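Structure at a glance
Chain residues, written in single-letter form:
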Amino acid sequence: MLKKILLVICISMFSIIGIEAQNGTIKGSILDATSNEKIPFATLVLKSNKITKGLSSDFDGNFLFEKIPVGNYQLEITYIGFTDKIIENIHVSKSNSTINLDNIKLTVSTEALKEVQITGVNKTQTTKIDRKTYIASDFATAKGGTASDVLNKLPSVNVASDGKVSVRGTEDFMVYLNGKPTNIEPSVLLAQIASNNIDKVDIISVPTARYDAQGKGGIVNITTKKNIAQGLSVSVNGILGGDPWNDYTDSYSNHNLKDDRYGGGFNISFGTEKATLYGGFNYNKKNINGQRSGEARVLTSTNPDEYFHMNAYDGARPEWFENYSANAGIDFNLSDSKKLSLSYFYGNRNEGRAAYYVYNTFFGATDQSGKHTERFMYNPNIDNRDGKYNTFNVDYISKLENNASFKMAAAYEISKLSRELNNKNFFYTSKEDVDNDIASNFSNAYQANNYSLSDNTPLKGLRFALDYEKEFNNGDSFGTGLQIQYTNIDGDFNFDNDLVSKNLDNSIDLTRTVFAAYVDYSGTTGDLSYIVGLRAEYQDQTMDIAETDYVPIFGSDLQSNYAQDDFDLFPSTHLSYKLNDNNKVTLAGSRRINRASVTKLAPFLYRRHFEVYVVGDPELEAEYLNNIELSFNKSVGKHTFNLTGFYRGTDNTVFRVNTVTTQLENAPLYSILGEDVLIRSYTNAGNSTSLGAEFDANIMVGNFVKFFVGASLYNYQIDGEVFGYNVDQNSTNWSVKSNVVFNLSDEFKFNYDYSRKSNTVTSQGQNDAFSVSNIALNYQPKNAKEWNFSLRGLDIFAQNDQGLDTNAYNAADDQIFYQETLYERMGPVFEFGVTYSFNSKGKKKTKKSFQGDKHFK
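Residues numbered from 1 in each chain as written. Predicted model: local features only at pLDDT ≥ 70, side-chain atom pairs only at ≥ 80, totals over all residues. Heavy atoms only, no water.

Overview of the side chain of Asn 221
Considering the arrangement of structural elements, one finds Asn 221 in strand β17 (residues 219–224). The class for Asn 221 is buried, based on a relative accessible area of 0%. Polar side-chain contacts of Asn 221 include one of 3.3 Å to the side chain of Thr 223. (Helix = DSSP H or I, 4+ residues; strand = E, 2+ residues; numbered from the N terminus. Buried < 20%, exposed > 50% of the residue type's maximum accessible area, 1.4 Å probe, protein only. Polar contact = N/O pair within 3.5 Å; in protein donor to acceptor, adjacent residues only side chain to side chain.)

Right, here's the structure in full:
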């Protein structure tokens with residue numbers, strides 16, 4: 001299979017066909033010098049002593065003058081609120097018939113309008129042929145947090161209470177940092193990036209062929225701020241917050257639970273014309289107070305009409321998140337056509353949660369009648385995760401002759417990942433006995449047992465990429481490349497328990513190598529722009545299990561080796577048609593793959609808490625997806641509107657499923673565990689589809705108010721078989737996210753954002769609706785603009801409650817378990833942040849433009 005990929009590369013590298021230049025064309029793009037955003041509908045006038053031609057930049061800020069006679073020209077660009085710009089001595093000749101002026105930047109006019117400075121065109125969200133881009137600075141309530149906090153403000157993106165990020169309902173997506181992929185788990189990486197350092201976020205739901213095919217949710221690209229000024233630049237920030245009115249002491253654990261948060265960091269850079277040296281450090285700590293309550297029942301092994309009930313009283317569930325990171329790098333401008341970058345990133349993460357629950361357990365009917373064998377149990381359990389991440393990057397870009405470019409990128413990552421989970425159970429005959437034993441540290445329980453585990457799973461990763469791109473005289477471009485991704489996780493899982501007599505210690509060695517090659521072609525024909533591409537990927541994956549004599553989860557012993565060997569093709573097409581100066585239509589489609597993570601593959605028992613074990617399935621196969629989007633973009637003056645219809649069909653869908661020990665094949669697990677308990681795992685169980693639409697609007701009310709709203713409405717359908725029971729569920733899901741910025745004066749800005757998410761079905765139940773509101777007041781002194789102060793209120797209406805319920809049936813249509821859970825988190829929370837920044841010189845360097853950069857502008 002590898003030979004096939006190499007053959008694709010050889011063919012693509014030598015298949016560049018020259019295209020004859022068209023005489024007399026002048027092209028370029030108009031940008032806001034402050035925000036680097038494209039300016040649509042700017043007025044351009046091209047003059048010579050013989051002719052005068054005029055036009056406007058298109059929806060994406062691009063322009064093209066065609067059929068221009070040989071001669072010398074002057075180009076004048078104007079746009080309201082910006083200083084006019086004139087470019088002299090544009091010479092068109094037979095030998096130089098195509099003039100590319102690249103990016104032309106306009107500066108904001110200094111004239112005042114009603115004593116309020118006019119701001120540049122800097123919409124919260126802009127749409128391009130293959131992505132939607134969001135300006136991070138508009139989401140002031142995310143300042144002082146992490147990249148996850150910024151993403152949580154975006155339409156179709158959701159961040160769960162445990163930090164897990166999902167895009168259009170799936171946690172399986174790729175994160176790129178400054179246009180480069182990483183092996184770090186998305187939710188972990190996003191928690192390492194300080195929100196203050198983010199410039200913009202790209203949501204690429206239908207990626208082109210040059211990007212990884214991995215991930216149902218596509219790609220999220222985070223672009224961080226980078227100072228290009230000469231001299232010394234420093235930025236320092238700090239944050240302090242919490243909600244002391246919700247602090248309390250948990251009576252069972254005797255822990256003083258505080259919802260507080262603090263952090264800070266700095267970024268420093270020193271630049272010259274030849275090189276820029278930069279580095280930074282950020283620290284963020286957040287404690288969250290919360291409670292959890294719920295009910296669960298599982299069908300017993302002794303009576304088909306009786307259930308074992310586990311009802312949890314309201315119990316404390318504090319969470320903690322502590323992250324610090326450091327980065328350093330240097331960019332060398334070797335020449336006008338060559339650039340070399342070296343960088344290093346270090347991240348350290350500690351996060352987890354504790355749960356101090358009291359359960360009332362008994363046997364009885366579904367409605368809890370006929371209760372017998374009742375007892376009470378105190379279950380303190382702590383889940384703690386640690387991670388240390390080291391990533392080294394080398395990037396080299398070279399402009400070649402004839403508008404071509406070559407890029408080489410390499411990244412090496414070594415990470416140390418570990419987890420400790422401790423469960424203890426103390427049994428009593430009454431709730432009063434539980435309460436009375438607090439002072440004795442639960443030493444008088446008539447029965448006590450322990451289940452704890454730890455794992456140590458270091459990760460090694462290597463990525464290497466070669467990219468070649470050729471831009472032709474007519475503006476079209478051809479790209480091809482080779483990419484290699486290597487990942488290895490070799491770790492140990494250790495268990496210390498008196499619940500299970502069998503030795504559960506084990507280890508895993510997972511190696512996954514993906515070889516990829518791509519070709520793509522982008523161009524414009526009249527009012528039609530397009531990108532077409534094909535990607536080939538070959539995966540070689542092996543997973544070795546040390547001990548095969550293990551708990552038989554699905555009725556058979558483990559194998560010593562699991563191997564997968566696949567070759568796949570992934571086509572992609574993007575079409576954009578400009579109906580007129582104010583309207584355009586975009587159609588995009590691609591095929592993608594989603595390979596299972598080690599968490600879903602490792603077949604080892606985790607006792608999350610009293611109610612459930614969690615275990616992976618080493619035989620999980622990849623999911624395959626087909627994505628289609630149709631978008632309509634309309635501009636009305638300064639306002640823009642976007643309507644996107646989308647379809648995502650997933651074959652061989654991996655579901656998170658639940659069953660009970662007595663319902664597995666031949667019930668081998670019950671005989672070992674000796675209890676009725678939930679078993680949660682993952683399986684390829686059928687197909688799923690999402691069909692719906694998203695609507696985004698940028699509305700500018702004068703120069704004082706900027707309003708953004710994003711909404712989605714889609715139907716989610718699940719069709720499959722779970723443990724012999726046919727699952728056919730669907731729900732109509734919707735979400736609304738809005739963000740409004742009020743420019744109260746030159747010094748004060750007020751920001752309000754609101755998010756609402758509807759109920760949604762899962763393979764065995766549903767997640768309940770959720771909403772939250774946040775505010776921020778920002779102050780930047782007029783005479784001391786290097787200072788910035790902000791006050792933020794998070795969850796100001798204390799609505800941060802999330803509920804879910806799960807149930808399952810066997811082939812005979814008997815309900816084998818039911819679980820209902822409510823998570824409550826304390827609010828509101830207030831934060832105060834300060835930022836100070838300065839640059840020793842005001843002169844800006846001339847930023848070198850490279851062909852490959854356009855994909856992340």
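Structure shown, so let's carry the discussion forward.
Examining the confidence of the model for the protein chain
Here the protein chain averages 83 in pLDDT, while 89% of its residues score no lower than 70. A low-confidence stretch, residues 110–121 stays under pLDDT 50, and its non-local contacts, those more than four residues away or across chains, total 19 contacts. Ignoring residues within four places in sequence, the model shows residues 842–857, a span with pLDDT below 50, making 50 contacts including any to other chains. (pLDDT = per-residue confidence, 0-100. Contact = heavy atoms within 4.5 Å.)

Digging into the sheet that holds strand β4 (residues 62–65)
Pairing in this open sheet of three strands is mixed, and the strands run β4-β1-β7 from one edge to the other. The strands lining the two open edges of the sheet, one partner per strand, are β4 and β7 (98–106). Within this sheet the neighbouring strands show an average axis-to-axis angle of 20°, counted without direction. Of the pairings in the sheet, the one linking strand β1 (residues 25–32) to β7 comprises seven bridges and is parallel in character. Bridge pairing in β7 links Thr 25 to Thr 98. (Pairing = 2+ DSSP bridges. Axes fitted to C-alpha atoms, helices over the stretch in contact; angles between N-to-C directions.)

Section: the pairing of strand β50 (residues 829–839)
Note that strand β18 (residues 231–242) and β50 share 10 bridges and pair antiparallel. Across the sheet, Val 234 pairs through a bridge with Phe 838, a residue of β50. Examined bridge by bridge, strand β47 (residues 787–794) and β50 share eight bridges and lie antiparallel to one another. In the strand pairing of β50, Leu 794 is matched with Val 829.

Here we look at unusual backbone geometry
Residue Pro 828 is reached from Gly 827 by a cis peptide bond, and omega for that bond is 0°. Residue placement: Pro 828 occurs in the loop between β49 (815–825) and β50. With phi around 55°, Asn 89 is a residue other than glycine that occupies positive phi space. Counting through the fold element by element, Asn 89 comes out in strand β6 (residues 85–92).

Observations regarding the environment of Asn 267
For Asn 267, the location among the structural elements is in strand β21 (residues 260–271). Counting along the chain gives 70 residues from Asn 267 to Asn 197, while the straight-line C-alpha distance between them is 8.6 Å. The contact partners of Asn 267, leaving out residues within four places of it in the chain, are Asn 197, Ser 233, Val 234, Ser 235, Gly 279 and Gly 280. Within the local environment of Asn 267, its side chain forms a polar contact with the side chain of Asn 197, the two groups lying 2.7 Å apart.

Describing the pattern of salt bridges
Taken as a whole, this structure holds 25 salt bridges when the rule is applied. For Asp 395, the salt bridge is made with Lys 180, and the minimal N-O distance between the two is 3.0 Å. With Asp 395 in strand β27 (residues 372–400) and Lys 180 in strand β15 (residues 180–181), this residue pair connects regions lying 215 residues apart in the sequence. Under the relative-accessibility criterion, Lys 180 is labelled partly exposed at 23%. Asp 212 is paired through a salt bridge with Arg 463; the nearest N and O atoms lie 3.3 Å apart. Of this pair, Asp 212 sits in the loop between β16 (198–204) and β17 while Arg 463 is found in strand β30 (residues 459–471), placing the two residues 251 residues apart along the sequence. (Salt bridge = Lys/Arg side-chain N within 4 Å of Asp/Glu carboxyl O.)

Describing a nonpolar patch on the surface
A cluster of nonpolar residues, Leu 232, Val 236, Phe 266, Ile 268, Phe 270, Leu 277, Phe 281 and Phe 838, forms a patch on the protein surface that exposes about 660 Å² of accessible area. By residue number, the principal contributor to the nonpolar patch is β21, which donates three residues. Tracing the chain through its elements places Phe 266 in strand β21. (Patch = residues over 30% accessible without salt bridge, like charges linked within 9 Å, V, L, I, M, F, W, Y side chains within 5 Å. Areas by Shrake-Rupley, 256 points an atom, 1.4 Å probe, with all protein chains shown as cover.)

Digging into the side chain of Asn 633
The residue Asn 633 is located in strand β38 (residues 623–636) in this model. At 2.4 Å, the side chain of Asn 633 forms a polar contact with the side chain of Asn 642.

Remarks on the packing of aromatic side chains
Taken as a whole and assessed by the stated rule, the structure comprises 28 aromatic pairs. Pairing Tyr 324 with Tyr 346 gives two aromatic rings, centres 6.4 Å apart and planes at 45°, and the pair type is tilted. Here Tyr 346 lies in strand β26 (residues 338–364) and Tyr 324 lies in strand β25 (residues 319–335), a separation of 22 residues in the sequence. Residue classification places Tyr 324 among the partly exposed positions, given a relative accessible area of 30%. Look at Tyr 344 and Phe 392: their rings are 4.9 Å apart centre to centre, the planes differ by 40°, and that puts the pair in the tilted class. With Tyr 344 in strand β26 and Phe 392 in strand β27, this residue pair connects regions lying 48 residues apart in the sequence. Sitting over the ring of Phe 362, Lys 371 keeps its end group 4.5 Å from the ring centre. (Phe/Tyr/Trp six-rings, centres within 6.5 Å; stacked < 30°, edge-to-face > 60°. Lys NZ or Arg CZ within 6 Å of the ring centre and 35° of its normal.)

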